[in-house]
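A look at the structure
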Amino acid sequence: MKKRHIDASKEKSRRVVFIAFPQVALLDLTGPWEVLSLANTLSRTEIPPYDLELVSGDDSATIVSGGGISMVSHRAATSCRGAIDTLIVPAADLDRIAEPTDRSSKVLQRLARRSRRVVSICAGAFFLA
């Protein structure tokens, strides 16, 4: 198999957007985030492979996990612009939340249309259904 030469000066980070809704399952968010963050660290390249963003699915600045830990989002999902390589939808505690609102569903659909791929983590698939 012939190795492909990659010109690092032409490479750019892949934009990975995590959309988190209230009562997000913390491990479903932080596990994949840490894996991609570690890949950035281990790549030892000038341009990291992944540009990670956390957006709030309900437009609040703070995202509260199912276990009660609060996180600050980079921005609201409604203000997320531009192309997305990978949209990641982590699970939420389905026993503690109501069904996604029409507004949340529309925001998720808008982001998904601009994404090369959409990934759900565990019960995040329920948001995509």
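Going by the structure above, here's the rest.
Residues numbered from 1 in each chain as written. Predicted model: local features only at pLDDT ≥ 70, side-chain atom pairs only at ≥ 80, totals over all residues. Heavy atoms only, no water.

1. Describing helix H2 (residues 102–113)
Spelled out, the test is: Going along the chain from the N terminus, every DSSP run of H or I of four or more residues is numbered as a helix, and every run of E of two or more is numbered as a strand. A helix's residues, less one, multiplied by 1.5 Å, set its expected span. Burial status follows relative accessibility: with a 1.4 Å probe on protein chains alone, a residue under 20% of its type maximum counts as buried, one over 50% as exposed, and anything between as partly exposed. What the arc covers is the set of directions going from the helix axis to the C-beta atoms.
An ideal rise of 1.5 Å per residue puts 16 Å on 12 residues; H2 measures up with 16 Å between its terminal C-alpha atoms. If you check which residues of H2 are buried, you get Ser104, Val107, Leu108 and Leu111. The buried residues of H2 all sit within an arc of 95 degrees when viewed along its axis, so they share a single face. Facing away from the buried side of H2 by more than 90 degrees, the exposed set consists of Asp102, Lys106 and Arg113.

2. Description of the pairing of strand E6 (residues 84–89)
Heads up, the condition is: Criterion used throughout: strands pair if DSSP finds at least two bridges between them.
Along E6, 6 of the 6 residues are buried, which leaves the element largely enclosed by surrounding structure. In this sheet, E6 lies alongside strand E1 (residues 14–20) in parallel orientation, the contact comprising 3 bridges. Bridge assignment links Phe18 to a residue of E6, and that residue is Ile88. Taken together, the 5 bridges between E6 and strand E7 (residues 115–120) define a ladder with parallel strand orientation.

3. Remarks on the sheet that holds E6
In plain terms, the rule: Only heavy atoms enter the contact rule, under which two residues are in contact if any of them lie within 4.5 Å. Axis lines are fitted to C-alpha atoms, over the contacting stretch for helices. Their N-to-C directions set the angle, which ranges from 0 to 180 degrees.
Read from one edge to the other, the open sheet built from 5 strands follows the order E5-E2-E1-E6-E7, with strand pairing classed as parallel. One side of each edge strand has no neighbouring strand; the edge strands of this open sheet are strand E5 (75–76) and E7. Of the strands in this sheet, E1, E6 and E7 touch H2, which is tilted by about 145 degrees from E6.

So, to be careful, I would describe these as geometric facts and stop short of saying anything about function.
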